[in-house]
Amino acid sequence: MIYPDQYPRHLSSRHLIALALMLAPLLAACGGKVISKPAIEPGSKQTVKENPSSLPNWLGNPGRNFYGTGPWQEGPLEIVWERGTDFITGRLHKELWGGTSWPGQPSVDGSRVYFPSADGNIYCLNSQDGSVIWKFQAKDSFKATPALAGDRIIANGLDHHIYCLNGADGALLWDYETGFEVDCSASVIDGRVYFGGEDGFFYCLSLADGSLIYKTEWLGSMEGSFSLADERIYIGTEQGYLYCLNQVDGSTVWKAGIGSDSDSTPAVSGGFVYTAAEDGYVYCFRQSNGEPVWKFKAEGGFSKNFKERSGFWASPVVVKDRIYIGSNNGYMYCLTADKGEIVWKHLVRAPIWGTSPVVDGRLVFGDKAGWIYMLSATDGKRMGELKIGDNINSTPAIVDGRIYIGAFNGKLYCLSTKGPGWQEAAGIAR
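As the structure is a prediction and not an experimental result, all values here were calculated from the model. (Residues numbered from 1 in each chain as written. Predicted model: local features only at pLDDT ≥ 70, side-chain atom pairs only at ≥ 80, totals over all residues. Heavy atoms only, no water.)

A. Looking closely at the overall build of the protein. On a plain count of helices and strands, the protein comes out with two helices and 33 strands. Accessible surface, the protein as shown: approximately 15800 Å² in total, 51% of it carbon and sulfur. (Helix = DSSP H or I, 4+ residues; strand = E, 2+ residues; numbered from the N terminus. Areas by Shrake-Rupley, 256 points an atom, 1.4 Å probe, with all protein chains shown as cover.)

B. Expanded view of the packing of aromatic side chains. Applying the stated rule across the entire model yields 21 aromatic pairs. Summarising the aromatic geometry, the rings of Trp313 and Trp353 are spaced 4.8 Å apart at their centres and angled 10° between planes, so their arrangement reads as stacked. Of the two residues, Trp313 is situated in the loop between strand E22 (292-297) and strand E23 (317-319) and Trp353 in the loop between strand E26 (342-347) and strand E27 (358-359); the sequence distance between them amounts to 40 residues. The burial state of Trp313 is the same as that of Trp353; both residues are buried. Above the plane of the ring of Phe201 lies Lys215, whose end atom (NZ or CZ) is 4.3 Å from the centre. (Phe/Tyr/Trp six-rings, centres within 6.5 Å; stacked < 30°, edge-to-face > 60°. Buried < 20%, exposed > 50% of the residue type's maximum accessible area, 1.4 Å probe, protein only. Lys NZ or Arg CZ within 6 Å of the ring centre and 35° of its normal.)

C. Local environment of the sheet that holds E22. Here four strands make up an open sheet; going across it, the order is E19-E20-E21-E22 and the pairing antiparallel. The sheet terminates laterally at strand E19 (267-269) and E22, the two strands that pair on one side only. The mean inter-strand angle of the sheet, taken between neighbouring strand axes irrespective of direction, is 20°. Here strand E21 (residues 281-286) runs beside E22; their pairing, made up of five bridges, is antiparallel. The residue of E22 that forms the bridge with Phe285 is Pro292. (Pairing = 2+ DSSP bridges. Axes fitted to C-alpha atoms, helices over the stretch in contact; angles between N-to-C directions.)

D. Structural detail: the environment of Asp338. Looking at where Asp338 falls in the secondary structure, it is placed in the loop between strand E25 (331-336) and E26. According to the relative accessible area criterion, Asp338 is exposed, its value standing at 57%. Here Thr336 takes part through its side chain, which lies 3.4 Å from a polar atom of the side chain of Asp338. (Polar contact = N/O pair within 3.5 Å; in protein donor to acceptor, adjacent residues only side chain to side chain.)

E. Broad picture of the nonpolar core. If you look at the biggest cluster of nonpolar residues, it comprises 32 residues, and the most contacted ones within it are Ile154, Val193, Tyr194, Phe195, Phe202, Phe226 and Ile233. The element contributing the most residues to this core is strand E13 (residues 202-206), with four residues. Every residue in contact with Val193, bar those within four places of it in the chain, is listed here: Ile154, Ala186, Ser187, Val188, Tyr203, Cys204, Leu205 and Leu207. Judged by nonpolar contacts, the second largest core, of 31 residues, contains Trp58, Trp344, Ile352 and Val359. (Core = buried A, V, L, I, M, F, W, Y, C linked by side-chain atoms within 4.5 Å. Contact = heavy atoms within 4.5 Å.)

F. Main features of the pairing of strand E20 (residues 272-276). Within E20, four of the five residues are buried, leaving the element largely enclosed by the surrounding structure. Turn length for the E19-E20 hairpin, with the two strands adjacent in sequence and antiparallel, is two residues, and the turn residue Gly270 shows positive phi of about 60°. Here five bridges tie E20 to E21, and the two strands are oriented antiparallel to one another. Within E21, the position partnered with Tyr274 by the bridge is Cys284. A loop of four residues connects E20 with E21, the two strands running antiparallel in sequence, and Gly280 in this loop sits at a positive phi of about 90°.

Right under this line is the structure:
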């Protein structure tokens, strides 16, 4: 799905293409059957590192529940370095795009930062100074988070392709073409690559050579990413459904109606699945069978001024008994996980489309006015802010207290809080 930088959204081209893709599969789209059966069975245990010191996946791991590492220093946010990108147009976006778009989060592994750029490149940067180690150019913009798997990198974007790159130099090892754009961030588990596509199918490929292991029946356009828990895959669709799929073969375990286009990556915690949608609701479902538990409606804020409802493009972040999610109406919400009641809300300058990782009690996120914010997870108090661009759609990666975040002005930034003694150095009394 293409989201240009300016309001209103241009949907007509996408819908015309999607209609052609939908006509035939819709005749048999209700059973959640598998078109292509798996060639081999996965191992009995998935090799998922729960708490990596780096960030090799969208929101840390296939469970999407590891948000980064501190420690934080005292003092205000500052720019450590910035890296500019090029600008390109695409088949369905005539505007020049650069930097990072929604929902793109950089991946970080030690001294290297890999980020998906709207200029059509995957960049590998030195985490210390932002210098370019290598870059790989595709045919259109990247938006999904690159998935790191040993010495390989899985990247995908608007040109319909899934690429497997050599982590050392960015050389192409293989690519797989789908039927439409792929904004979903992939995950690699036990030598298998999992992802959903905007062509309506969920895929499982071999990491070794990109060969197809299975492809589900048509489920609906999947723009958000998926979460994996207990050998079950949870993913939402543009057609207003939340699916629970069997990891082994992609068959449907259950599906629940949301009623609106869902771009969020579901969060799975404590026997419940949390997601959100463009109709302005956050939803809670029972993990075992998809039974609805509660829903919360976002209201107020900037929704009237921006000619859009108070919808959600961000993904929920669950920490203990709290849910954190930003809305298109400009509010960052903290909700109770058991009932969906407001604990606090914080209004910023513009809509929030990026997701908000929580690290050591602080939320970090950007808004479409180009500001990056740091809030207390306890009470929503603003602890820091910094303007870095004209539009931040993407999600920050936080490793060792450094924040890697891209803006739609053609740059990726490395931010940090100033360390002890900054007040004295600046001539400010404590």
